[in-house]
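Listed below, chain by chain, are the residues.
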Amino acid sequence: MPRYVALLRGVSPMNCRMAVLKRCLEAAGFTDVKTLLSSGNVAFSTPRAASAAALQKRVETAMLAGAGYRFATIVRSTAHLQQLLHAQPFARHELPAGGKCVVTFLREPDAVVEVELPLTLDDATVLERSGGEVFCVYVPNDKGPAFMRLLEKAFGKSITTRTLDTVARCAEA
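It should be emphasised that the depicted structure is a prediction, and the values quoted were computed from it without experimental measurement. (Residues numbered from 1 in each chain as written. Predicted model: local features only at pLDDT ≥ 70, side-chain atom pairs only at ≥ 80, totals over all residues. Heavy atoms only, no water.)

Q: Would you mind going over the overall build of the protein with me for this structure?
A: Per the secondary structure count, the protein includes 5 helices and 9 strands. Expected size for 173 residues packed as a compact globule is a radius of gyration near 16 Å; at 16 Å, the protein falls within 12% of this value. Projected onto its principal axes, the C-alpha coordinates of the protein cover approximately 45 × 30 × 30 Å. Across the 173 residues in the protein, those meeting the buried criterion constitute 42%. At a minimum sequence separation of 6, the contacts of the protein that also span at least 24 residues come to 68%. For the protein, the accessible surface area stands at approximately 9,000 Å², while carbon and sulfur atoms represent 52% of it. (Helix = DSSP H or I, 4+ residues; strand = E, 2+ residues; numbered from the N terminus. Rg over C-alpha atoms; globule rule 2.2 N^0.38 Å. Buried < 20%, exposed > 50% of the residue type's maximum accessible area, 1.4 Å probe, protein only. Contact = heavy atoms within 4.5 Å. Areas by Shrake-Rupley, 256 points an atom, 1.4 Å probe, with all protein chains shown as cover.)

Okay, here's the thing in structure tokens:
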């Protein structure tokens, strides 16, 4: 049975209860639903493969029907996430000491204009794009998440970002 992960934009424990989110997806017919890290990551199975766009719509509709709200959703298969990790996209770059690796997921990769990379702001660098994912590294500092400003300027707001560790947890869910 195909396994997927829904990555919700803007979710925190303060604005979305994971138990409610889980019930919404179960009510929509998804199985083996598992929330991860209380930050809008939901793994699920479905009896047949479907496009990311169709699954994104189903998840958003399920949230609205079951909880009265919805968050922009980006769906990737766990197989895709595993391939992404296996490719080691950060290995070919020189990373700064203390750098944190993050992966940004594009909701509509084909609608995004090609951007010349790398882009740098403060201690953040957008390194490369591969299909529907963008790879960044940043060094945490008191200026806040400069990488998010870079990403939204380059790719718009139909994106969501996860640490590489979170992507690994999602891939194994």
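Q: Before we go on, may I ask you to explain the packing of helix H1 (residues 18-27) against helix H2 (residues 52-67) in this structure?
A: The description of two helices packed together rests on the angle between their axes and the distance between the axes. Look at H1 against H2: their axes get within 8 Å of each other, and the N-to-C directions meet at 115°. The pairing of H1 with H2 is recorded here as roughly perpendicular in orientation. Here H1 runs over H2; the crossing is right-handed. Every residue of H2 that contacts H1 at Val20, Leu21, Cys24 and Leu25 is listed here: Val59, Ala62, Met63, Gly66 and Ala67. Across the contact of H1 with H2, the residue classes tally to 8 nonpolar, 1 polar and no charged. (Axes fitted to C-alpha atoms, helices over the stretch in contact; angles between N-to-C directions. Parallel < 35°, antiparallel > 145°, perpendicular 65-115°, else oblique. Left-handed = near helix turned anticlockwise from the far one by under 90°. Nonpolar A, V, L, I, M, F, W, Y, C, P; charged D, E, K, R; others polar.)

Q: Please clarify how the packing of aromatic side chains should be interpreted in this entry.
A: Two aromatic rings are characterised by how far apart their centres lie and by the angle between their planes. For the coordinates displayed, the defined rule picks out 5 aromatic pairs. For the pair Phe30 and Phe44, a centre-to-centre distance of 4.4 Å together with 55° between the ring planes defines the contact as tilted. Separated by 14 residues along the polypeptide, Phe30 in the loop between H1 and strand S2 (31-36) and Phe44 in strand S3 (residues 41-45) bring together distant segments of the chain. This pair shows no difference in class: Phe30 is buried, exactly as Phe44 is. These aromatic residues form a ring-pair network of at least three members: Tyr4, Phe30 and Phe44. For Arg58, the ring lying beneath its charged end belongs to Phe30, and the centroid distance is 4.0 Å. (Phe/Tyr/Trp six-rings, centres within 6.5 Å; stacked < 30°, edge-to-face > 60°. Lys NZ or Arg CZ within 6 Å of the ring centre and 35° of its normal.)

Q: Can you help me understand the sheet that holds strand S4 (residues 73-77) in this one?
A: Paired through backbone hydrogen bonds, the strands of a sheet run either parallel or antiparallel to each other. Overall, antiparallel pairing links the 4 strands, which are arranged S2-S3-S1-S4 in an open sheet. Only two strands of the sheet have a single neighbouring strand rather than two, namely S2 and S4. Strand-to-strand twist of the sheet, defined as the mean angle between neighbouring strand axes without regard to direction, takes the value 20°. Across 5 bridges, the pairing between strand S1 (residues 3-8) and S4 is antiparallel. Bridge pairing links Ala6 to Val75 in S4. (Pairing = 2+ DSSP bridges.)

Q: For this particular structure, what's the right way to read the nonpolar core?
A: As a rule of thumb, soluble globular proteins bury nonpolar side chains together. In terms of nonpolar packing, the biggest core is built from 19 residues, with Ala6, Leu8, Leu21, Leu25, Phe30, Phe44 and Val59 touching the most fellow members. Those elements that provide at least two residues to this core are S1, H1, S3 and H2. The element that contributes the greatest number of residues to this core is H1, accounting for 5 residues. Ignoring any residue separated from it by four or fewer positions in sequence, one finds Leu21 in contact with Leu8, Cys16, Val42 and Met63. Counting residues in hydrophobic clusters, the runner-up holds 18 residues, among them Leu36, Cys101, Val137 and Cys170. (Core = buried A, V, L, I, M, F, W, Y, C linked by side-chain atoms within 4.5 Å.)

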